[in-house]
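Coordinate analysis (summary)
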Amino acid sequence: MALRLGDTAPNFTAETTHGTLDFYEYLGDSWGIFFSHPGDYTPVCTTELGTAAKLKADFDKRNVKMIALSVDGIDSHHGWVRDINETQSTEVNYPIVADEDKKISILYDMIHPNASENVTVRSVFIIGPDKKIKLTLTYPASTGRNFQELLRVIDSLQLTANYSVATPADWKHGEDVVITPAVKNEDIPAKFPKGHKEIKPYLRTTPQPNL
Ligand code: BEZ
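Residues numbered from 1 in each chain as written. Predicted model: local features only at pLDDT ≥ 70, side-chain atom pairs only at ≥ 80, totals over all residues. Heavy atoms only, no water.

1. Let's talk about the site of the ligand
How we decide: One heavy atom suffices: a residue is near a molecule or strand as soon as one of its heavy atoms comes within 4 Å of it. We define a polar contact as two N or O atoms separated by no more than 3.5 Å, with the added condition that, inside protein, one atom must be a possible hydrogen donor and the other a possible acceptor, whereas residues neighbouring each other in sequence contribute only through side-chain atom pairs. Residue burial considers only the protein chains on display, and all accessible areas are found by Shrake-Rupley using a 1.4 Å probe. Starting at the N terminus, helices and strands are each numbered in turn, a helix being any DSSP run of H or I of at least four residues and a strand any DSSP run of E of at least two. The classification used treats Ala, Val, Leu, Ile, Met, Phe, Trp, Tyr, Cys and Pro as nonpolar, Asp, Glu, Lys and Arg as charged, and all other residues, Gly among them, as polar.
Looking at the ligand, the residues that line it are Pro38, Thr42, Pro43, Val44, Cys45, Arg122 and Ala141. At 3.0 Å, a side-chain N or O of Arg122 approaches an oxygen atom of the ligand. Alone, the ligand offers 260 Å² of accessible surface; in the complex the protein occludes 71% of this. Looking at which element gives the most residues to the shell around the ligand, the answer is helix α2 (residues 43-54), with three residues. Across the shell around the ligand, the residue classes break down as five nonpolar, one polar and one charged.

2. Focus on the sheet that holds strand β9 (residues 177-179)
Selection criterion: Strands are treated as partners if at least two bridges between them are detected by DSSP.
Strands sit in the order β8-β9-β11-β10 across an open sheet of four strands; the sheet is antiparallel. With partners counted over all chains shown, the strands left at the sheet margins are β8 (165-166) and β10 (197-200), one partner each. As paired elements, β9 and strand β11 (residues 203-206) share two bridges and run antiparallel to each other. What sits directly across from Val177, in β11, is Thr206.

3. A look at α2
Heads up, the rule is: Helix span, as expected, comes to 1.5 Å for every residue beyond the first. Each residue is assigned to one of three classes by its accessible area relative to the maximum for its type, calculated with a 1.4 Å probe on protein chains only: buried under 20%, partly exposed between the two thresholds, exposed over 50%.
For α2, which comprises 12 residues, the first-to-last C-alpha distance of 17 Å matches the rise-based estimate of 16 Å (1.5 Å per residue) to within 8%. For α2, the complete set of buried residues consists of Cys45, Thr46, Glu48, Leu49, Gly50, Ala52 and Ala53.

4. Quick notes on the packing of aromatic side chains
Aromatic ring pairs are described here by two measures, namely the spacing of the ring centres and the angle between the planes. Convention followed: To pair, rings of Phe, Tyr and Trp, with the six-membered ring standing in for Trp, must have centres within 6.5 Å; the planes then decide the type, stacked if under 30 degrees apart, edge-to-face if over 60, and tilted in the middle. Geometrically, a lysine NZ or arginine CZ counts as sitting over a ring once it is within 6 Å of the ring centre and also within 35 degrees of the ring normal.
Here the structure, examined in full by the defined rule, presents nine aromatic pairs. Taking the centre distance of 5.5 Å and the plane angle of 75° together, the rings of Phe35 and Phe147 count as edge-to-face. With Phe35 in strand β3 (residues 31-37) and Phe147 in helix α6 (residues 147-162), this pair connects stretches of sequence that are 112 residues apart. Taken together, Phe12, Phe23, Phe34, Tyr108 and Phe125 form an aromatic cluster joined through their ring pairs. Over the aromatic face of Tyr26 sits the side chain of Lys65, whose NZ or CZ is 5.4 Å from the ring centroid. For the cation-ring pair, Lys131 lies above Tyr24, with the distance from its terminal atom to the ring centre recorded as 5.4 Å.

5. Concerning the domain arrangement of the chain
Operational definition: Residue ranges for the domains originate in an automatic or database domain assignment.
By domain assignment, the chain separates into domain 1 (13-145) and domain 2 (163-206). Distance between the C-alpha centres of domain 1 and domain 2: 35 Å.

6. Describing unusual backbone geometry
Notably, Asn63 is not glycine yet its phi reads approximately 60°, a positive angle. For Asn63, the position within the fold is in the loop between α3 (56-61) and β4 (64-70). Non-glycine residue Asp109 carries a positive phi angle of around 55°. Along the chain, the position of Asp109 falls in the loop between α5 (103-107) and β6 (122-127).

7. A short note on the environment of Ser164
Within the secondary structure, Ser164 sits in the loop between α6 and β8. Expressed as a C-alpha distance, the spacing of Ser164 and Gly73, which sit 91 residues apart in the sequence, is 45 Å.

8. Topic: the packing of α2 against helix α4 (residues 74-88)
Axis angle and axis distance: for two packed helices, these are the angle between their axes and the distance between the axes, and together they describe the pair. To keep things clear, this is the line we draw: Fitting a line to C-alpha atoms yields each axis, with helices limited to the stretch in contact; the angle taken between N-to-C directions then spans 0 to 180 degrees. Angle categories are assigned with fixed cut-offs, so that under 35 degrees is roughly parallel, over 145 is roughly antiparallel, 65 to 115 is roughly perpendicular, and the rest are oblique. When checking whether two residues touch, look at their non-hydrogen atoms; a contact exists if any pair is within 4.5 Å.
In contact at an axis separation of 9 Å, α2 and α4 are set at 70° when each is read in the N-to-C sense. Regarding the angle of α2 to α4, the classification is roughly perpendicular. Counting all contacts with α2, which are made through Cys45, Thr46, Thr47, Leu49, Gly50 and Lys54, the residues of α4 involved are Trp80, Ile84, Thr87 and Gln88. In the contact of α2 with α4, the residues fall into four nonpolar, five polar and one charged.

9. Re the pattern of salt bridges
Keep this limit in mind: By salt bridge we mean one thing: a side-chain nitrogen of Lys or Arg within 4 Å of a carboxyl oxygen of Asp or Glu.
As enumerated under the stated definition, the model contains nine salt bridges in all. The partner of Lys61 in a salt bridge is Asp58, and the shortest N-O contact between them spans 4.0 Å. With Lys61 and Asp58 both in helix α3 and three residues apart, the pair spans about one turn of that helix. The shortest N-O distance in the salt bridge between Arg152 and Glu149 comes to 2.6 Å. Residue Arg152 and its partner Glu149 are both found in helix α6; the two are separated by three residues, about one turn of the helix. The class for Arg152 is partly exposed, based on a relative accessible area of 23%. Each of Glu48, Arg122 and Arg145 takes part in salt bridges that share partners, so that together they form one network.

Below you can see the structure in the form of structure tokens.
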């Protein structure tokens, strides 16, 4: 069954390019981003893994542990990592799960048989420190993901986990946010001392509260 928002991310033990790891132990109390790749030595995946490696400091800053998966074996992964480092001018600095028997891909519903019987689609799971799934995203094999968008979403998830706000369309870190409908007008000054604008009774904005 597909994993949905709010579900507990299943734990697993797996062979990875950083050795055998227990997923929950690897995540510890951090946030996590778990993303799948259709296969080793494929062009789009090569660029995605290189891009993700270059952004590791940005994920670290947000306390997010990165982990990737591809349905090939560990020897193949190690060879591919050398190619990624060479062609993308980086060092892959997070583990890649070797999921040759597809156990973890199936556990996370990363194989969509009507797209392909054999390989995973491009799934992304963002997992909170409580091990609950906060975001899922699915792209086809033919479309590489936007890792800046994933950082932007993490900024929103982490902000809205701590304040009674939501982030509007195309919001970026530093921009005004929306006050959630559950907050009563009379409670706004105490909760949002930076002020607010009421555009409509249901559309109230305030400066990003955690800056
Ligand atoms: C790729 O990563 O380049 C790719 C993988 C499977 C199908 C198409 C592209």
